[in-house]
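Residues per chain, in single letters:
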Amino acid sequence: MARTEASVTDAHASSTDFSRPLLAWYDRHHRHLPWRTPPAETKLGVLPDPYRVWLSEIMLQQTTVGAVKRYFEAFVDAWPTVEALAAAQTDDVMKAWAGLGYYSRARNLKKCAETVAGEHGGRFPGSEAGLKALPGIGDYTAAAIAAIAFNRPAAVVDGNIERVVTRLYAIETPLPQAKPEIRAHVAAALPHDRPGDFAQAMMDLGATICTPRKPACVLCPITHGCTARREGTAERFPIKAPKTEKPARRGAAFVAVRADGAVLLRRRPPEGLLGGMTEVPGSAWTARHDGVSDDTAAPFPADWRAAGTIRHVFTHFALELSVFRAELPLNAPAGDGWWSAPDTLPGEALPTVMKKAIEAAIPGATKKRRKG
DNA sequence: CATTCGTGGAC
DNA sequence: TGTCCAAGAAT
């Protein structure tokens, strides 16, 4: 059944002007986050430190607020300014990032800090174009920093805002096709007095009310102009293209344990999967099964013994890793890698899949001990 | 425009 | 256990 002309007109007229009720809701119900300046202060003209905004935005790319908080605190403790981060050792940055995922973000974070410190006098550009020219900063992050840290009228569009807007206007076009249309709606609604609060209000709304499943429409401050709400179809949006299934890969990992408990590690290539991170020696990860149930792929001859199998799911494939363990003498060579003692192992730049492999061979070896 | 790039929590 | 997916960027 076709929509009446009156309902379309009404929906459009009320939806384009949702910024005021949204901001009023944000003033009362905003989330308290370590990197955020609350609206009571932004309304007085107090803006957050661009360094902290940038750091949080990079960490929050495809990553939940809950996971980011600890890392954010650790980073600002270790490196309080962009100059401090620029002067840091890249390996220390990778170690601090270990476990957060998408490690190209950490590599670009360091490059970006060096550029800002070295070529911009330690100050982040305030324009979207200037920000987007920096490593690791794309459309979303440039707009977010411009709006939040500099109060520039930038149209911020993240996953939350895509969901909110596609529901407000019942946009049937699938993502990412619908992105320009979504951006136009955001730009049309943008309140020029509070662009930073508006962006954060939209994201808070998406994170706490306009959620992917079971949205709390009864609590929504802009439900009045929402087409999907009126039609009872909120949960259908946003429409997304079907995703391809993940292939399986297999491989072997070798945990060499020296007589003093040290473990043999090596560095992965700087680009690509887990680029620049630390690993134990292992085979290639292939779709085939050969050479993973025995020690034929071992980096050197030793008394390799099966220590179990671990599974880990990456973004685009699932991995099954056969883990082997061998005891090596104190004078065993490290080759291209290094021996990491039991007290240094937990602090290494080990991605989660590698911690799982080491844990299979040496339970507890990668756990960080609490002081005291 | 499609792929590649992690991880852990929610349901 | 499986599935989705979270403040996306680079190529």
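Since we're looking at a predicted model, the values are computed, not measured. (Residues numbered from 1 in each chain as written. Chains lettered and ligands numbered in written order. Predicted model: local features only at pLDDT ≥ 70, side-chain atom pairs only at ≥ 80, totals over all residues. Heavy atoms only, no water.)

J.: Mind showing me how you'd approach helix 5 (residues 65-78) here?
T.: Residue pairs three or four apart in sequence face the same way in an α-helix, which turns once every 3.6 residues. Helix length check: helix 5 (14 residues) gives 20 Å between terminal C-alpha atoms against 20 Å at 1.5 Å per residue, within 8%. When we look at burial in helix 5, the residues that qualify are Val 68, Tyr 71, Phe 72, Phe 75 and Val 76. On its buried face, helix 5 sits against helix 4 (50-60), helix 7 (90-97) and helix 8 (104-119). (Helix = DSSP H or I, 4+ residues; strand = E, 2+ residues; numbered from the N terminus. Expected span 1.5 Å × (residues − 1). Buried < 20%, exposed > 50% of the residue type's maximum accessible area, 1.4 Å probe, protein only. Contact = heavy atoms within 4.5 Å.)

J.: Whenever I open this one, the protein's contact with DNA strand C confuses me. Can you help?
T.: Looking at DNA strand C, there are 25 residues lining it, with Glu 57, Gly 136, Thr 141, Asp 158 and Asn 160 nearest. Of everything in DNA strand C that lies within 4 Å of the protein, sugar and phosphate atoms constitute 64%. Within the side chain of Glu 57, a nitrogen or oxygen atom sits 3.0 Å from a base nitrogen of DNA strand C. Within the side chain of Tyr 140, a nitrogen or oxygen atom sits 3.3 Å from a base nitrogen of DNA strand C. Of the residues belonging to the surface near DNA strand C, the class tally is 9 nonpolar, 9 polar and 7 charged. (Near = heavy atom within 4 Å. Polar contact = N/O pair within 3.5 Å; in protein donor to acceptor, adjacent residues only side chain to side chain. Nonpolar A, V, L, I, M, F, W, Y, C, P; charged D, E, K, R; others polar.)

J.: Would you take a moment to explain the environment of Arg 305 for this structure?
T.: Relative to the assigned elements, Arg 305 resides in strand 4 (residues 305-313). Taking the C-alpha atoms as reference, Arg 305 lies 9.8 Å from Val 255; in sequence the two are 50 residues apart. Beyond its immediate chain neighbours, meaning those up to four positions away, Arg 305 contacts Val 323, Phe 324 and Arg 325. In this structure the side chain of Arg 305 is engaged in a polar contact, spanning 2.9 Å, whose partner is the side chain of Asp 303.

J.: Please explain the pattern of salt bridges as it appears in this structure.
T.: Pairs may arise between side chains of opposite charge once their charged atoms sit close together. For the structure on display, the rule yields 19 salt bridges. With a closest N to O distance of 2.9 Å, Arg 20 and Asp 193 form a salt bridge. Here the residue Arg 20 occupies a position in helix 2 (residues 19-29), and Asp 193 occupies one in the loop between helix 12 (179-189) and helix 13 (195-208), the gap between them amounting to 173 residues. Note that Glu 162 is salt-bridged to Lys 179, the shortest N-O span being 3.5 Å. Remark: Lys 179 occurs in helix 12 and Glu 162 occurs in helix 11 (residues 159-168); sequence separation between them is 17 residues. Under the relative-accessibility criterion, Glu 162 is labelled buried at 12%. Look at Lys 179 and you get partly exposed, because its relative accessible area is 30%. One salt-bridge network, in which partners are shared between bridges, spans Asp 27, Lys 43, Arg 194 and Asp 197. (Salt bridge = Lys/Arg side-chain N within 4 Å of Asp/Glu carboxyl O.)

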